[in-house]
Amino acid sequence: MLEMNWKKELITEQQKLKTDCKCPNCGGDAFGKTFDCQFCGKENQELKEDIKNISGILENCSEEELKSPFVMISLKKMEEYSPLVSSMDREEIEKEYLTWSKKMIDDLLAAKELSKEDQEGLINLFDNGDYYQEQIAATLQNMVIANTATQRGHYSPEVVYGALYQYYCQIIKPHVKDAKMEKKKLKEDCAGESEGYTARLDEESFNNFMNGGGSSVINIIGHEARHVYQHYKRFHRIVEDRNDLIMFYESIVENKKPEMYDENYINMLSEIDARVFGSMFEQQFLKTMLGFSDEKRKRDFKADCDLLVEADTMRVIDEKQVHLEDAVLTILKEEPSLYDKWAQFRYEFTREGQEIRRKTTSELIDDYLNNKNDKKDNLYLAIVTNSKKLETLEKKRQQKNPSATM
Ligand SMILES: [Zn+2]
Ligand SMILES: [Zn+2]
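Residues numbered from 1 in each chain as written. Chains lettered and ligands numbered in written order. Predicted model: local features only at pLDDT ≥ 70, side-chain atom pairs only at ≥ 80, totals over all residues. Heavy atoms only, no water.

What about the overall build of the chain?
Part 1 of the argument: Along its length, the chain carries 18 helices and seven strands.
Part 2 of the argument: When the backbone C-alpha atoms are referred to their principal axes, the chain occupies close to 85 × 60 × 35 Å.
Part 3 of the argument: Counting every position in the chain, which comprises 406 residues, the buried fraction comes to 46%.
Part 4 of the argument: Sequence separation of at least 24 residues holds for 59% of the intrachain contacts in the chain that already meet a minimum separation of 6.
Part 5 of the argument: Accessible surface, the chain: about 21900 Å² in total, of which carbon and sulfur atoms supply 51%.
Part 6 of the argument: Of the charged side chains in the chain, 59 are positive and 76 negative; the average position of the first set lies 5 Å away from that of the second. (Helix = DSSP H or I, 4+ residues; strand = E, 2+ residues; numbered from the N terminus. Buried < 20%, exposed > 50% of the residue type's maximum accessible area, 1.4 Å probe, protein only. Contact = heavy atoms within 4.5 Å. Areas by Shrake-Rupley, 256 points an atom, 1.4 Å probe, with all protein chains shown as cover. Lys, Arg positive; Asp, Glu negative; His and termini not counted. Charge placed at Lys NZ, Arg CZ, Asp CG, Glu CD.)

Description of the coordination of the zinc ion (ligand 2)
Part 1 of the argument: Within the protein, His223 (NE2), His227 (NE2), Glu271 (OE) and Glu271 (OE) serve as the donor atoms for the zinc ion (ligand 2), at 2.1 to 2.7 Å.
Part 2 of the argument: Around the zinc ion (ligand 2) sit four donor atoms; with metal-centred angles ranging over 52 to 142 degrees, the donor geometry is irregular.
Part 3 of the argument: Between consecutive donor residues of the zinc ion (ligand 2), the sequence gaps follow H-x3-H-x43-E. With His227 in helix α10 (residues 216–235) and Glu271 in helix α13 (residues 269–290), this pair connects stretches of sequence that are 44 residues apart. (Donors = N, O, S within 2.8 Å, 3.2 Å for Na, K, Ca; no water. Tetrahedral: all angles 85-135°; square planar, octahedral: opposite > 155°, others 65-115°.)

Considering the pattern of salt bridges
Part 1 of the argument: Tallied over the entire structure, the rule returns 36 salt bridges.
Part 2 of the argument: Notably, a salt bridge pairs Lys112 with Asp107, separated by 3.6 Å at the nearest N-O pair.
Part 3 of the argument: Taking the relative accessible area as the measure of exposure, Lys112 reaches 48% and is therefore partly exposed.
Part 4 of the argument: Put simply, Arg357 and Glu363 hold a salt bridge, and the shortest N to O gap is 2.9 Å. (Salt bridge = Lys/Arg side-chain N within 4 Å of Asp/Glu carboxyl O.)

Thoughts on the layout of surface pockets
Part 1 of the argument: As a volume, the largest pocket reaches approximately 1400 Å³.
Part 2 of the argument: Ser194, Glu224, His227, Tyr261 and Glu271 are, among the 47 residues lining the largest pocket, the residues nearest its centre.
Part 3 of the argument: Within the residue set of the lining of the largest pocket, elements represented by two or more residues are β2 (192–195), α10, α11 (242–256), α12 (259–263), α13, α14 (295–310) and α16 (337–341).
Part 4 of the argument: Ranked by residues supplied to the lining of the largest pocket, first place goes to α10 with 10 residues. (1 Å grid on protein atoms, 1.4 Å probe; cavity = no way out; pocket = protein on both sides within 12 Å on 5 of 7 lines; lining within 4 Å. Points joined across faces, edges and corners; volume = space filled by probe spheres on them.)

Re helix α2 (residues 45–59)
Part 1 of the argument: Between its first and last C-alpha, α2 extends 21 Å over 15 residues, near the 21 Å set by a 1.5 Å rise per residue.
Part 2 of the argument: Taken as a whole, α2 has its buried residues at Leu47, Asp50, Ile51, Ile54, Ile57 and Leu58. Projected down its long axis, α2 shows its buried positions confined to an angular sector of 125 degrees, all on one face. Projecting away from the buried face of α2 at angles above 90 degrees are the exposed residues Lys52 and Glu59.
Part 3 of the argument: Of the residues flanking the start of α2, the one acting as N-cap is Asn44, its side-chain oxygen 3.3 Å from the backbone nitrogen of Glu46. (Expected span 1.5 Å × (residues − 1). Arc of directions from axis to C-beta. Polar contact = N/O pair within 3.5 Å; in protein donor to acceptor, adjacent residues only side chain to side chain.)

Topic: the coordination of the zinc ion (ligand 1)
Part 1 of the argument: Every protein donor of the zinc ion (ligand 1) is accounted for by Cys23 (SG), Cys26 (SG), Cys37 (SG) and Cys40 (SG), and the metal-donor separations fall at 2.3 Å.
Part 2 of the argument: If you look at the zinc ion (ligand 1), its four donor atoms make angles of 103 to 116 degrees with each other, and the shape they trace is tetrahedral.
Part 3 of the argument: Each donor residue of the zinc ion (ligand 1) lies on the same chain, and together they follow the pattern C-x2-C-x10-C-x2-C. On the criterion of sequence distance, the pair formed by Cys26 in the loop between α1 (5–20) and α2 and Cys40 in the loop between α1 and α2 is long-range, its members being 14 residues apart.

Purely geometric stuff here, so don't read any function into it on its own.
Printed below as a string of structure tokens:
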């Protein structure tokens with residue numbers, strides 16, 4: 001849709017401005033007219049360059065283009081990042097934005113066809129790389145998704161994908177600020193996937209949503225966003241509950257034995273957890289946006305919730321039924337360095353001399369009793385931190401007195 005290059009350029013500049021409006025030297029966010037940081041005095045070269053480019057683009061716009069929703073939203077966003085882009089009065093822009101968004105809400109409510117200018121305004125408002133937290137933008141986004149889901153309204157793919165991208169950001173960005181989403185042709189029967197902090201939505205699933213509506217795209221996005229969050233927690237050694245620990249074990253075993261994932265797909269906890277969240281978002285969307293609730297979805301959801309609570313740790317590995325903890329211990333014995341790499345192991349495993357073993361029940365109870373009054377809001381964190389402290393103390397003691405044993 002954005003066939004004119006300058007519009008794409010302006011979006012790129014907006015995104016750059018958002019990062020460059022902080023001083024690279026000290027993080028300060030106020031600059032004088034000569035782009036010198038008000039806190040450390042250093043000139044912000046990047047910001048200077050951005051403003052020059054932006055002015056250049058806007059100077060080449062016709063009167064009419066300058067009045068378009070696309071440019072108005074650009075100005076609104078950029079003014080928020082840096083007051084140095086002051087070609088227009090801030091209040092004036094705000095007023096124009098409110099007038100425009102009211103008209104958009106009316107048009108979307110009536111499922112009217114949107115003009116090319118208005119759709120371009122929405123594209124800028126939803127702009128993929130940018131997470132624009134604002135009430136009206138969120139409302140417009142939900143209305144575009146709901147109208148597409150019911151096929152009452154039809155909008156350009158960029159508008160619809162932009163709305164879905166914002167929806168994804170709302171779920172994941174409060175937890176994972178580097179999260180991204182891509183639209184891509186995935187292998188057959190794969191509606192979505194995730195890798196690290198990136199969720200992928202299958203091109204065909206998106207096209208099916210565009211042309212046939214339905215709510216499964218919400219489920220896919222919610223599901224993949226949850227996988228991104230799982231990855232984030234694992235990578236940052238965060239364990240909020242026992243399920244996080246089990247999902248961490250799954251990833252350790254899967255890393256050594258990739259076939260485990262397919263053999264146990266149905267009862268992989270990371271999948272159950274993602275299914276529960278995908279379905280929760282879909283039901284929420286159906287209920288709040290369309291006033292609709294569905295018994296079959298509710299039943300499936302409840303069945304998955306039960307599995308999540310049960311958190312069964314039996315898995316099929318090499319065609320045998322194995323406890324995940326035992327599979328993990330085998331791996332730890334083969335590769336003891338993993339114990340130091342991943343703090344999550346310290347909850348249920350311990351090192352005695354060179355040997356890594358499971359903690360005994362009485363050790364687990366001691367951990368609980370010794371740490372339950374710790375100021376940390378999470379018992380797990382307390383156990384890990386204290387276990388590391390003890391290990392360091394022990395090392396120091398041994399260095400001073402090498403003959404001492406534990
Ligand atoms: Zn500074
Ligand atoms: Zn999944």
